[in-house]
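# A closer look at the structure
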Amino acid sequence: MTKRFWAPGRVNLIGEHTDYNDGYVMPVAIELGTTVSVTPAETMRYTTATAAPAGWEKYVEGVLAQMRARGLEPPPLALHFESTVPLGAGLSSSAALEVSTALALLEAVGVEMPLMDVARLCQQAEVETVGLGCGIMDMFISLHGREGQAMLLDCRTLEYKAAPIPADIAMVIADTGVRHELAGSEYNTRKRECAEAARALGVSSLRDAVEDGGSKRARHVIGENRRVVEFAAALAANDRAAMGELMAASHASLRDDYEVSCRELDELVECAARCPGVIGSRMTGGGFGGSTINLVEERQTDEFVAALKDLCPGARLRVSRASGGARRIQ
Ligand code: GLA
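Residues numbered from 1 in each chain as written. Predicted model: local features only at pLDDT ≥ 70, side-chain atom pairs only at ≥ 80, totals over all residues. Heavy atoms only, no water.

## Topic: the sheet that holds strand S7 (residues 160–164)
Pairing is antiparallel across the open sheet formed by three strands, whose spatial order is S2-S6-S7. Looking at the sheet topology across the chains shown, the edges are occupied by strand S2 (24–25) and S7. Note: S2 against strand S6 (residues 149–154), two bridges, orientation antiparallel. By the bridge assignment for S6, Tyr24 is matched with Asp154. Strands S2, S6 and S7 of the sheet are contacted by helix H4 (residues 137–144), whose axis makes an angle of about 135° with S6. (Pairing = 2+ DSSP bridges. Helix = DSSP H or I, 4+ residues; strand = E, 2+ residues; numbered from the N terminus. Contact = heavy atoms within 4.5 Å. Axes fitted to C-alpha atoms, helices over the stretch in contact; angles between N-to-C directions.)

In structure tokens form, the structure reads like this:
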């Protein structure tokens, strides 16, 4: 008897590199995701039918290790993964892999764990076994996504609120196709720089900083947290001009102060600004390659996609709705 579980990837509308600083994020689950088929087996084994992140077994083993650390020992299973989340595109293929694994293993041990605890378990798997000091955003949204909605999450209190995306706004994901090798180590470096800046400013995390003390990293995080709150208000008020300005300011800050963008991402954002129907555009995810998220007037989606394709022929464009969160599908 085969059971199947599905977990989505994500985009983030705004609030980048704020999650590990106890700040605000506003991610959306997308229609691309990872499916795992689970059957009883003699020994634990995992296979994949599609391209998976380099060293993908570590993500699975990390989740297994976190289960064991909580006293949960799954029976031997054959886990077979299939994913539609492109790799290295900044769309959280790794969180989709971890979350689908966690749902499969929790079901196998018959434990119903609160979703936020599952998110934490997966985050710990990535930090401790994979070695990326990531925040909780990607796993949170893969588990808590809702159709047609973004989620505003306070990464300090873990309180969250659904934020409906008007039906006449489309999301267009533009993948640069580039992935810079240093992404992982640079990510950990940024995290360390933020901790140092917080220490120098005398606060426990940059969430509490009001002045940047001359640190560009702190300036980004302080401004970005404010922008998330303002964006949530703009989205609720359907103020598309304000949404666009906040996304542009977020991108500029990630490019100039946080220094996690790259030429290809900047080009895509600049080109998108010239395309019909655009509401806002910015890089999404960790950066150093990957994708931009574009909010577009729904009725002009085709024109927008054609125009952007024309200006940036190297980019891979995908339209996605906001999807529901991870679940058992069979
Ligand atoms: C990656 C991490 C997230 C978050 C983003 C940047 O996706 O996994 O936790 O830090 O980068 O916002």
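## Considerations on the packing of aromatic side chains
Under the defined criterion, the tally for this structure stands at four aromatic pairs. Judged by centre distance (6.3 Å) and plane angle (75°), the ring pair of Tyr46 and Trp56 falls under edge-to-face. Taken as a pair, Tyr46 in strand S4 (residues 45–48) and Trp56 in the loop between S4 and helix H1 (57–69) lie far apart in primary sequence, ten residues in all. Neither residue differs from the other here; Tyr46 and Trp56 are each classed as buried. Note on Trp56 and Phe81: the rings are 5.7 Å apart at their centroids and 70° apart in plane angle, and the pair reads as edge-to-face. Of this pair, Trp56 sits in the loop between S4 and H1 while Phe81 sits in strand S5 (residues 77–83), and the two are 25 residues apart along the sequence. Taken together through their ring pairs, the aromatic side chains of Tyr46, Trp56 and Phe81 make up a single cluster. (Phe/Tyr/Trp six-rings, centres within 6.5 Å; stacked < 30°, edge-to-face > 60°. Buried < 20%, exposed > 50% of the residue type's maximum accessible area, 1.4 Å probe, protein only.)

## Let's talk about the site of the ligand
Close to the ligand lie Arg10, Glu16, His17, Asp19, Tyr20, Cys134, Gly135, Met137, Asp138, Tyr187, Gly285 and Gly286, which account for all nearby residues. Between the ligand and Gly135, the relevant distance is 3.0 Å, taken from an oxygen atom to a main-chain nitrogen or oxygen of the residue. Contact with the protein chains hides 94% of the accessible area of the ligand, taken as 310 Å² for the molecule alone. Of the residues contributing to the shell around the ligand, the split by class is four nonpolar, four polar and four charged. Three or more residues apiece are contributed to the shell around the ligand by two domains, here domain 1 (3–164) and domain 2 (169–320). (Near = heavy atom within 4 Å. Polar contact = N/O pair within 3.5 Å; in protein donor to acceptor, adjacent residues only side chain to side chain. Areas by Shrake-Rupley, 256 points an atom, 1.4 Å probe, with all protein chains shown as cover. Nonpolar A, V, L, I, M, F, W, Y, C, P; charged D, E, K, R; others polar. Domains from an automatic or database assignment.)

## Focus: the packing of H1 against helix H2 (residues 93–109)
Put simply, H1 and H2 touch, their axes get as near as 9 Å, and they point 40° apart. Classified by the interaxial angle, the pair formed by H1 and H2 is oblique. The hand of the H1/H2 crossing is right-handed. Touching Tyr59, Val60, Val63, Leu64 and Met67 of H1 are Ser94, Leu97, Glu98, Thr101, Ala102, Leu105, Leu106 and Val109, all from H2. Looking at the contact of H1 with H2 residue by residue, the classes come out as ten nonpolar, two polar and one charged. (Parallel < 35°, antiparallel > 145°, perpendicular 65-115°, else oblique. Left-handed = near helix turned anticlockwise from the far one by under 90°.)

## Topic: the sheet that holds strand S3 (residues 27–40)
Read from one edge of the open sheet, five strands run S4-S5-S3-S1-S12, paired in mixed fashion. In this open sheet, the two edge strands, each paired with only one partner strand, are S4 and strand S12 (327–328). Bridge count between strand S1 (residues 3–12) and S3: nine bridges; the pairing is antiparallel. Within the sheet, the bridge partner assigned to Lys3 lies in S3 and is Val38.

## A closer look at the pattern of salt bridges
Pairs may arise between side chains of opposite charge once their charged atoms sit close together. Overall, the coordinates contain 25 salt bridges when judged by the stated rule. Among the ionic pairs, Glu193 bridges to Arg190, the shortest N-O distance being 3.8 Å. Taken together, the positions of Glu193 and Arg190, both in helix H5 (residues 183–201) and three residues apart, correspond to about one turn of that helix. Residue Arg190 is classed as buried on the basis of its relative accessible area, which comes to 5%. The network of salt bridges with shared partners includes Glu186, Arg190, Glu193, Lys216, Arg217 and Glu259. (Salt bridge = Lys/Arg side-chain N within 4 Å of Asp/Glu carboxyl O.)

## Side note on the domain arrangement of the protein chain
By domain assignment, the protein chain separates into domain 1 (3–164) and domain 2 (169–320). Computed from C-alpha coordinates alone, the two centres of domain 1 and domain 2 are separated by 22 Å. Contacts between domain 1 and domain 2 engage 36 residues on the former and 44 residues on the latter. Carbon and sulfur atoms make up 61% of the area that domain 1 and domain 2 hide from each other, which totals about 3,100 Å². Where domain 1 packs against domain 2, one counts three salt bridges. With a closest N to O distance of 2.9 Å, Asp208 and Arg156 form a salt bridge. Joining domain 1 to domain 2, the criterion identifies 23 residue pairs in polar contact (both at pLDDT 80 or more). (Buried area = accessible area lost by both parts, 1.4 Å probe.)

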